[in-house]
Amino acid sequence: MPTRTISKMLIVAGASLLTLASLANADALDNIKKAGKVRIAVAMGIPEYSFVDENLKPDGSDVATAKLIAKDLGVELELVEITNAARVPSVQTGKADMVVSSLGITEERKKAIDYSVPYATLALVVAGPADVAIKDYADLEGKRVGVTRATTNDQDITAKAKGADIVRFEDDATLITSVVSGQVNILSSQSAVINGINKKMTANPLQIKFTQRETNLGIGIPKGETALKGWLDEWVKTNFDNKVLRDIYKKYHNAELPDDLVSRQ
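Residues numbered from 1 in each chain as written. Predicted model: local features only at pLDDT ≥ 70, side-chain atom pairs only at ≥ 80, totals over all residues. Heavy atoms only, no water.

Caption draft 1: Focus on helix 8 (residues 191–200). Here helix 8 has its buried residues at Ala192, Val193, Ile194, Gly196, Ile197 and Asn198. Residues of helix 8 that are buried make contact with strand 7 (120–128), helix 7 (172–180), strand 10 (187–190) and strand 11 (207–217). (Buried < 20%, exposed > 50% of the residue type's maximum accessible area, 1.4 Å probe, protein only. Helix = DSSP H or I, 4+ residues; strand = E, 2+ residues; numbered from the N terminus. Contact = heavy atoms within 4.5 Å.)

Encoded structure:
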């Protein structure tokens, strides 16, 4: 093979390696800005956090948060609609750049994804009919309890209500429908979901029986994206301090976020 041909092949191969190296060194934040678009995963059908309004448009505190992130990044927003169970996989597999979807910060999830500092909270509760006596996990023994699959509620009830007959649904919208239609009448969910159910069951609303815990919510991103995490952490802190995130939460939830939220881990 002529020397000139070999040299050309080496140059092409070298260029290809440089291209691969550049791609390997590119980070998610740079990629978002270069693309002019951020893909944010949101599980729709969660009352007050993410839902479809009367005009069939996505709305809720998480949707408003996603819109603000895109605006401040200076890029277009692409909402990636997913189920609750797909929230972590959506960023692991690259289907979305980040997930803003009432995703509780847990040690187990930290093994799979990274989080921003907390931007909001939710209360995990057990609810049921007024005439059913439930004070703690032990009272759930032998009872059918509805949960949304792959949520913190699912993990909590599975671990602490050993004798319960747990019925798992793929998303909050399906869980709500099952309660309203009478398939289950006891559930573990978030307070916003209970409020959504009671709007449909005004004649016989559910009662919150006990609060399991308050969960801090973080923006989920792929592991190791330090630049994107740094940008999001600073973004959350800034918009918490200037009350933009507080006002978004209050608008949809009619409640205040705790003052120490962004300092929580």
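On we go from here.
Caption draft 2: Unusual backbone geometry, seen in detail. You will see that Glu48, though not glycine, has its phi angle at about 75°, which is positive. Inspection of the secondary structure puts Glu48 in the loop between strand 1 (37–43) and strand 2 (51–52). When its relative accessible area of 13% is taken as the criterion, Glu48 is described as buried. Located in the positive-phi region is Ser102, a residue other than glycine, with phi close to 40°.

Caption draft 3: The side chain of Asn84, seen in detail. Within the fold, Asn84 resides in the loop between strand 4 (76–82) and helix 4 (87–92). At 3.4 Å, the side chain of Asn84 forms a polar contact with the backbone nitrogen of Asp172. When near neighbours in sequence (up to four residues on either side) are disregarded, Asn84 contacts Ala43, Ile46, Thr148, Arg149, Thr151, Glu170, Asp171 and Asp172. (Polar contact = N/O pair within 3.5 Å; in protein donor to acceptor, adjacent residues only side chain to side chain.)

Caption draft 4: Summary view of the packing of aromatic side chains. In total, this model carries two aromatic pairs according to the counting rule given. For the ring pair Tyr137 and Phe210, a centre distance of 5.1 Å and an interplane angle of 70° mean the geometry is edge-to-face. Within this pair, whereas Tyr137 is found in the loop between strand 7 and strand 8 (144–148), its partner Phe210 is found in strand 11, the two being separated by 73 residues in sequence. Note on Phe210: relative accessible area 11%, which makes it buried. Measuring from ring centre to ring centre gives 6.3 Å for Trp231 and Trp235, while their planes differ by 15°; the resulting arrangement is stacked. Of this pair, Trp231 and Trp235 both sit in helix 9 (residues 226–241), separated by four residues, roughly a single helical turn. According to the relative accessible area criterion, Trp235 is buried, its value standing at 5%. (Phe/Tyr/Trp six-rings, centres within 6.5 Å; stacked < 30°, edge-to-face > 60°.)

Caption draft 5: Examining the nonpolar core more closely. Membership of the largest hydrophobic core comes to 52 residues, with the highest contact counts inside it found for Ile69, Met98 and Ile219. Considering every element that reaches this core, the biggest residue donor is helix 3 (residues 61–73), with seven residues. Ile219 has contacts with Ile69, Met98, Val99, Val100, Asp114, Tyr115, Ser116, Tyr119, Leu232, Trp235 and Val236, leaving out every residue within four places of it along the chain. (Core = buried A, V, L, I, M, F, W, Y, C linked by side-chain atoms within 4.5 Å.)

Caption draft 6: Inspection of the pattern of salt bridges at higher detail. One pass over the full model with this rule turns up 14 salt bridges. Close ionic contact of Arg213 with Asp156 constitutes a salt bridge, the shortest N to O distance being 3.6 Å. Pair noted here: Arg213 is in strand 11 and Asp156 is in helix 6 (residues 152–160), with a separation of 57 residues, a long-range link. The exposure class of Asp156 is buried, given its relative accessible area of 4%. Through salt bridges with shared partners, a single ionic network connects Asp156, Lys160 and Arg213. (Salt bridge = Lys/Arg side-chain N within 4 Å of Asp/Glu carboxyl O.)

Caption draft 7: The arrangement of the confidence of the model for the protein in detail. Here the protein shows a mean pLDDT of 90. Residues at 70 or above account for 90%. pLDDT under 50 marks residues 2–25. Its contacts with residues more than four places away, or in other chains, come to two contacts. (pLDDT = per-residue confidence, 0-100.)

Caption draft 8: Focus on helix 10 (residues 244–253). For helix 10, the set of buried residues is Leu245, Arg246, Ile248, Tyr249, Tyr252 and His253. Taken around the axis of helix 10, the buried residues stretch over an arc of 160°, which confines them to a single face. Those residues of helix 10 that are buried lie in contact with strand 2, strand 3 (58–59), helix 3, strand 7 and helix 9. (Arc of directions from axis to C-beta.)

Caption draft 9: Quick look at the environment of Ile134. Along the chain, Ile134 turns up in the loop between strand 7 and strand 8. A relative accessible area of 4% places Ile134 in the buried class. Along the sequence, Ile134 and Lys209 sit 75 residues apart, while their C-alpha atoms lie 5.9 Å from each other. Beyond its immediate sequence surroundings of up to four residues, Ile134 is in contact with Val126, Asp139, Leu140, Lys143, Ile186, Lys209 and Phe210.

Caption draft 10: Here's a closer look at the pairing of strand 1. Summarising burial for strand 1: five of the seven residues are buried, a large majority. In this sheet, strand 5 (residues 98–99) lies alongside strand 1 in parallel orientation, the contact comprising two bridges. Bridging from a neighbouring strand, Ile40 pairs with Met98 of strand 5. (Pairing = 2+ DSSP bridges.)

Caption draft 11: Here's a closer look at the environment of Asp53. In this fold, Asp53 is placed in the loop between strand 2 and strand 3. The spatial distance from the C-alpha of Asp53 to the C-alpha of Glu107 is 34 Å, given a sequence separation of 54 residues. Of note is the side chain of Asp53, whose polar atom sits 2.8 Å from the backbone nitrogen of Asn55. A polar atom in the side chain of Asp53 sits 2.8 Å from the backbone nitrogen of Lys57.

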